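# Descriptive analysis of the structure
So the chains spell out like this:
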Amino acid sequence: MPTRGPYETSPMPTQPRTLAERLRWLRKQSGLTQVEVSQALGCEQAMISSWEVGRTRPSAVTLGALAKHYSVSLACLDSGLGFMEEVARRPRPESMDEDSGQFPAFTLPPVAPGQVMLLDERTGTQTPTDAADAMATLLRALKKGRKAWLVVK
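What counts, and where the lines are drawn
- Residues numbered from 1 in each chain as written.
- Predicted model: local features only at pLDDT ≥ 70, side-chain atom pairs only at ≥ 80, totals over all residues.
- Heavy atoms only, no water.
- Helix = DSSP H or I, 4+ residues; strand = E, 2+ residues; numbered from the N terminus.
- Buried < 20%, exposed > 50% of the residue type's maximum accessible area, 1.4 Å probe, protein only.
- Contact = heavy atoms within 4.5 Å.
- Areas by Shrake-Rupley, 256 points an atom, 1.4 Å probe, with all protein chains shown as cover.
- pLDDT = per-residue confidence, 0-100.
- Core = buried A, V, L, I, M, F, W, Y, C linked by side-chain atoms within 4.5 Å.
- Phe/Tyr/Trp six-rings, centres within 6.5 Å; stacked < 30°, edge-to-face > 60°.
- Axes fitted to C-alpha atoms, helices over the stretch in contact; angles between N-to-C directions.
- Parallel < 35°, antiparallel > 145°, perpendicular 65-115°, else oblique.
- Left-handed = near helix turned anticlockwise from the far one by under 90°.
- Nonpolar A, V, L, I, M, F, W, Y, C, P; charged D, E, K, R; others polar.

## Some thoughts on the overall build of the protein
Scanning the protein from terminus to terminus reveals 7 helices and 3 strands. Secondary structure elements of the protein, listed N to C terminal, follow the sequence α-α-α-α-α-α-β-β-α-β. Taking all 153 residues of the protein together, the buried fraction comes to 32%. Within the protein, residue pairs in contact and separated by at least 24 positions form 48% of the contacts whose partners lie at least 6 positions apart. Counting every atom, the protein has about 9,800 Å² of accessible surface; 57% of that belongs to carbon and sulfur.

This is the structure we're talking about:
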């Protein structure tokens, strides 16, 4: 199990004021680790850490990729103006329960012999597919830290 640095245990600010605080806040609110964000952006985890503690600043291109990754505008992420309002308007997955903020429990669907069913936590979809596509989709979901299941009979 990876060890946590001193910044990982510090309390989250209620109103992130700096770019570093906004980046960390967005990552935590998205339920992602620094490793997952670094894999999504194709960079090293140490770079994510460096940005989140304010030691360095991401390039303009990387800042745009971060804004797209977290579904916020570049101006909002960079300047912080209207940040909390924009974050509140971010799209939420349709399958998420509005009251609890949790995903509903899945019931496993019946699967015909030889058929593969893919269940995705993020979208709540149940997709019949072939084995190769199901495995590729499952691996992508797991790499992004989402839960997904394959049902095979």
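## Describing the confidence of the model for the protein
The predicted model of the protein averages 74 in pLDDT, with 65% of residues at 70 or higher. When mean pLDDT is compared element by element in the protein, helix H3 (residues 45–52) scores highest at 94, while strand E2 (residues 126–129) scores lowest at 66.

## Focus: the nonpolar core
The biggest cluster of nonpolar side chains holds 18 residues, and the ones touching the most others in it are Leu-26, Leu-66, Tyr-70, Val-72 and Leu-77. If you list the elements that add at least two residues to this core, you get helix H1 (19–29), H3, helix H4 (60–69), helix H5 (74–79) and helix H6 (83–88). Here this core takes 4 residues from H1, the largest share from any one element.

## Section: the packing of aromatic side chains
All chains considered together, the criterion is met by 1 aromatic pair. Here Trp-25 and Phe-83 contribute two aromatic rings whose centre-to-centre distance is 5.6 Å and whose plane-to-plane angle is 70°, an arrangement assigned as edge-to-face. Of this pair, Trp-25 sits in helix H1 while Phe-83 sits in helix H6, placing them 58 residues apart in sequence. Accessibility expressed as a relative area gives 1% for Phe-83, which makes it buried.

## Topic: the environment of Met-117
On the secondary structure map, Met-117 appears in strand E1 (residues 116–120). Taking the C-alpha atoms as reference, Met-117 lies 8.2 Å from Trp-149; in sequence the two are 32 residues apart.

## Some words on unusual backbone geometry
Most peptide bonds adopt trans geometry, and most residues besides glycine take a negative phi value. In this model, Ser-71 sits at a positive phi of 60°, which is unusual for a non-glycine residue. Within the fold, Ser-71 resides in the loop between H4 and H5.

## A word on helix H2 (residues 34–41)
For H2, the full list of buried residues reads Gln-34, Glu-36, Val-37 and Ser-38. Those residues of H2 hidden inside the fold are in contact with H1, H3, H4 and helix H7 (131–143).

## Focus on the packing of H2 against H4
Closest axis-to-axis distance for the H2/H4 pair is 11 Å, and the angle between their directions is 115°. Here H4 runs roughly perpendicular to H2, going by the angle between their axes. The two elements H2 and H4 meet at a crossing, and its hand is right-handed. On the side of H2, the interface is formed by Val-37, Ala-40 and Leu-41, while H4 contributes Ala-65, Leu-66 and His-69. The class makeup of the residues in the contact of H2 with H4 is 5 nonpolar, 1 polar and no charged.

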